[in-house]
Amino acid sequence: MLMLPLVTCAALLASVSAQDSALQLGLLSGYEGVKRRLENYAEKLSLEERYKDIDLKYLTQRLDHFTPSVTDTWKQLYAENFEHYGGNNLIFLMIGGESSISTDWLRRSFMSKQAEKFKAATFTTEHRFYGKSIPRDLSIESLRYLSSEQALADLAHFITQMNIKHGFKNPKWIVFGGSYAGSLAAWLRYRYPHLVYAAVASSGPLLAKVDFHEYFETVSKSLSSLGSHKCEEAVRAANKIMSEGVLKRNKASTLPRSFRTMAMQHDDKDNYTVVALRLDPRKRMSTPQSLTFDTSFVERSVNETNLNYGGYNLPVTRVAFVHGMNDPWSPLGIMKKAPKGSVAITIKGVAHCADMMPDQDTDSQPLKNARARISRMLERWIKAKTSEDEELSLADF
């Protein structure tokens with residue numbers, strides 16, 4: 001009974017272009033998906049246009065910025081572009097997220113367009129433990145150094161070293177980021193205000209939450225807006241069946257083979273063990289992976305994160321918090337009242353990090369208006385201007 005509505009729903013989604021589906025539904029959520037969308041745009045450029053004036057380099061970073069006795073170092077990959085730099089000590093930095101580096105941010109993005117407009121130098125960094133920026137092996141012992149706090153310290157050191165290397169005097173660093181990197185952009189401005197002048201945080205979750213039911217509520221609304229309530233109901237029913245199969249191992253065999261990739265076991269100590277099958281498309285086989293955790297540990301970690309960064313109550317100025325209304329991650333970000341001196345911008349009809357992409361003829365008017373609004377905010381911040389319009393903490397498009 002469920003199969004026919006699901007087929008109908010799939011046909012409906014297939015009738016929408018891949019790009020539009022990603023923008024409307026956020027199906028490529030996360031920094032990796034955002035990067036892939038950017039690269040799809042950049043492929044329209046010739047190789048000469050795409051990589052001209054861009055240099056890839058390495059910077060030495062400390063493994064642990066907070067423990068003096070740990071002296072290990074590693075090499076962080078970054079890229080720079082001075083094509084439009086006007087010698088004005090204005091620098092834009094695209095923060096790398098949970099993926100390998102992409103130099104396309106420096107040539108084919110909203111940030112690169114603004115850099116051309118304001119004559120800024122541009123940089124982008126690769127996050128520790130991703131791409132070629134691997135401090136150590138991927139053991140549990142090594143991954144203790146994979147944290148947002150260490151990543152923020154990496155960025156602070158990077159900015160300091162670039163100021164020295166390029167002779168920037170009284171520089172204005174404006175940082176950009178999307179998804180998790182959007183969170184880092186806002187937190188970097190908060191933690192290192194003496195180094196970071198302003199930030200554009202696109203689709204950045206700021207509140208850590210265990211039971212994040214709002215994600216599926218937003219997906220549900222997006223499905224309804226794109227298709228119909230029948231489509232939404234079909235996906236909801238399928239999700240329920242698969243969830244039951246995951247939680248109850250004896251039901252896993254009732255799921256289609258394509259979905260039998262995970263099982264969850266729960267013991268009387270409130271511990272959960274997730275047993276997943278990691279698919280290897282090259283070998284057409286899978287290997288079991290397991291991770292055991294207890295709910296109290298997760299809840300403590302979430303509480304510590306919110307205590308550390310402030311969640312929704314981030315006391316920071318000159319930050320643009322940008323969210324698409326169709327983005328499932330948006331409920332964890334600042335969408336209503338922004339901190340004084342900052343602005344919250346919400347965009348109807350788009351999802352994850354749509355504002356970061358380059359301008360397209362097919363862009364909706366709300367998206368165009370939002371980008372124009374961000375550009376005006378940048379201009380005011382760069383020129384140190386204020387106005388009644390800037391004092392508004394919310395802008396809906």
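Sequence order sets the numbering: in each chain, residues are counted from 1 along the sequence as written. Only residues with pLDDT of at least 70 get local features here, since the model is predicted, and only at 80 or more are side-chain atom pairs given and counted; chain-wide, interface and lining totals rely on the full set of residues. Calculated side-chain values reflect all of the structure's heavy atoms, with hydrogen atoms and water omitted.

As annotated in an unreviewed UniProt entry, the protein carries the name Serine protease K12H4.7 and is attributed to Bemisia tabaci.

Draft legend 1. Examining the overall build of the protein more closely. Helix and strand assignments follow DSSP, with helices taken as H or I runs no shorter than four residues and strands as E runs no shorter than two, numbered in order from the N terminus. Along the protein, the regular secondary structure elements total 13 helices and twelve strands. Think of it in three bands: residues with accessible area under 20% of the maximum for their type are buried, residues over 50% are exposed, and the middle band is partly exposed, with areas taken using a 1.4 Å probe on protein chains only. Taken across its 397 residues, the protein has 47% of its residues classed as buried. Should any heavy atoms of two residues lie within 4.5 Å, those residues are considered in contact. Long-range pairs, those at least 24 residues apart, make up 65% of the contacts in the protein with a sequence separation of at least 6. Carbon and sulfur atoms make up 55% of the accessible area of the protein, which amounts to about 20300 Å² in all. Areas reported here follow the Shrake-Rupley algorithm with a probe of radius 1.4 Å; residue values treat only the protein chains shown as occluding.

Draft legend 2. Looking closely at helix H5 (residues 110-118). Taken residue by residue, H5 has Phe110, Met111, Ser112, Gln114, Ala115 and Phe118 as its buried positions. The inward-facing, buried residues of H5 abut strand S3 (90-94), strand S4 (121-125), strand S5 (172-178) and helix H12 (365-382).

Draft legend 3. Focus on the environment of Ala120. One can find Ala120 in the loop between H5 and S4. Taking relative accessible area as the criterion, Ala120 reaches 1% and is therefore assigned buried. Separated by 36 residues in sequence, Ala120 and His84 place their C-alpha atoms 6.2 Å apart. Beyond its immediate stretch of four places on either side in the chain, Ala120 contacts His84, Tyr85, Leu90, Phe92 and Ala115.

Draft legend 4. Spotlight on the packing of aromatic side chains. Two rings from Phe, Tyr or Trp (for Trp, the six-membered ring) form a pair when their centres sit within 6.5 Å of each other. Planes less than 30 degrees apart are called stacked, planes more than 60 degrees apart edge-to-face, and all others tilted. Applying the stated criterion across every chain, the model contains 15 aromatic pairs. Seen from their ring centres, Phe82 and Phe123 are 5.7 Å apart, and the 85° between their planes marks the pair as edge-to-face. Linking Phe82 in the loop between strand S2 (73-81) and S3 with Phe123 in strand S4, this pair joins segments that are 41 residues apart in sequence. Judged by its relative accessible area of 26%, Phe82 is partly exposed. A connected cluster of aromatic rings, assembled from ring pairs, spans Tyr78, Phe82, Tyr85, Phe123, Phe158, Phe168 and Trp173.

Draft legend 5. Up close: a nonpolar patch on the surface. Residues Ile134, Leu138, Ile140, Leu143 and Leu146 make up a contiguous nonpolar surface patch of roughly 460 Å² in combined accessible area. Relative to the helices and strands, Leu143 resides in helix H6 (residues 140-143). For Leu143, a relative accessible area of 31% corresponds to the partly exposed category. For patch detection, residues must exceed 30% relative accessible area and be free of salt bridges, and they are connected within 9 Å for like charges or within 5 Å for nonpolar side chains (Val, Leu, Ile, Met, Phe, Trp, Tyr). Just to be clear on terms, a salt bridge is a Lys or Arg side-chain nitrogen sitting within 4 Å of an Asp or Glu carboxyl oxygen.

Draft legend 6. Local environment of the layout of surface pockets. Computed over the protein atoms alone on a 1 Å grid, cavities are sets of points where a 1.4 Å probe fits but cannot get out and pockets are open sets with protein on both sides within 12 Å along at least five of seven lines; a residue lines them when it has an atom within 4 Å of a point. Grid points are joined across faces, edges and corners, and a volume is the space filled by probe spheres set on the points. Empty space within the largest pocket amounts to approximately 1100 Å³. Residue lining of the largest pocket: 29 residues in total, with Ser148, Tyr180, Trp187, Ala208 and Thr305 positioned closest to the centre. In terms of residue count, the dominant contributor to the lining of the largest pocket is helix H11 (residues 295-309) (eight residues). Of the residues that constitute the lining of the largest pocket, the class distribution is 16 nonpolar, eight polar and five charged. Only Asp, Glu, Lys and Arg are considered charged in this grouping, and only Ala, Val, Leu, Ile, Met, Phe, Trp, Tyr, Cys and Pro are considered nonpolar; every other residue, Gly among them, is considered polar.

Draft legend 7. The arrangement of the packing of H5 against H12 in detail. Close contact between H5 and H12 brings their axes to 11 Å; oriented N to C, the two are set at 45°. Looking at the two axes, H5 sits oblique to H12. H5 and H12 meet at a crossing whose hand is right-handed. Across the interface between the two elements, Phe110, Gln114, Lys117 and Phe118 of H5 pack against Arg371, Ile374, Ser375, Leu378, Glu379 and Ile382 of H12. A class-by-class count of the residues in the contact of H5 with H12 yields five nonpolar, two polar and three charged. Every axis in this analysis is a line fitted to C-alpha atoms, fitted for helices over the stretch in contact. Angles between the N-to-C directions lie between 0 and 180 degrees. If an angle is under 35 degrees, it is roughly parallel; if it is over 145, roughly antiparallel; if it lies from 65 to 115, roughly perpendicular; otherwise it is oblique. By convention the crossing between two helices is left-handed if the near helix lies anticlockwise of the far one by an angle smaller than a right angle, and right-handed if it lies clockwise.

Draft legend 8. The pattern of salt bridges, seen in detail. Following the criterion strictly, the structure yields ten salt bridges and no others. Across the pair Asp154 and Arg128 runs a salt bridge whose closest N-O atoms are separated by 2.7 Å. Of the two residues, Asp154 sits in helix H7 (residues 148-166) while Arg128 sits in the loop between S4 and H6, which places them 26 residues apart along the sequence. Each of the two residues, Asp154 as well as Arg128, counts as buried. With its nearest N and O atoms 3.9 Å apart, the salt bridge here joins Arg191 to Glu149.

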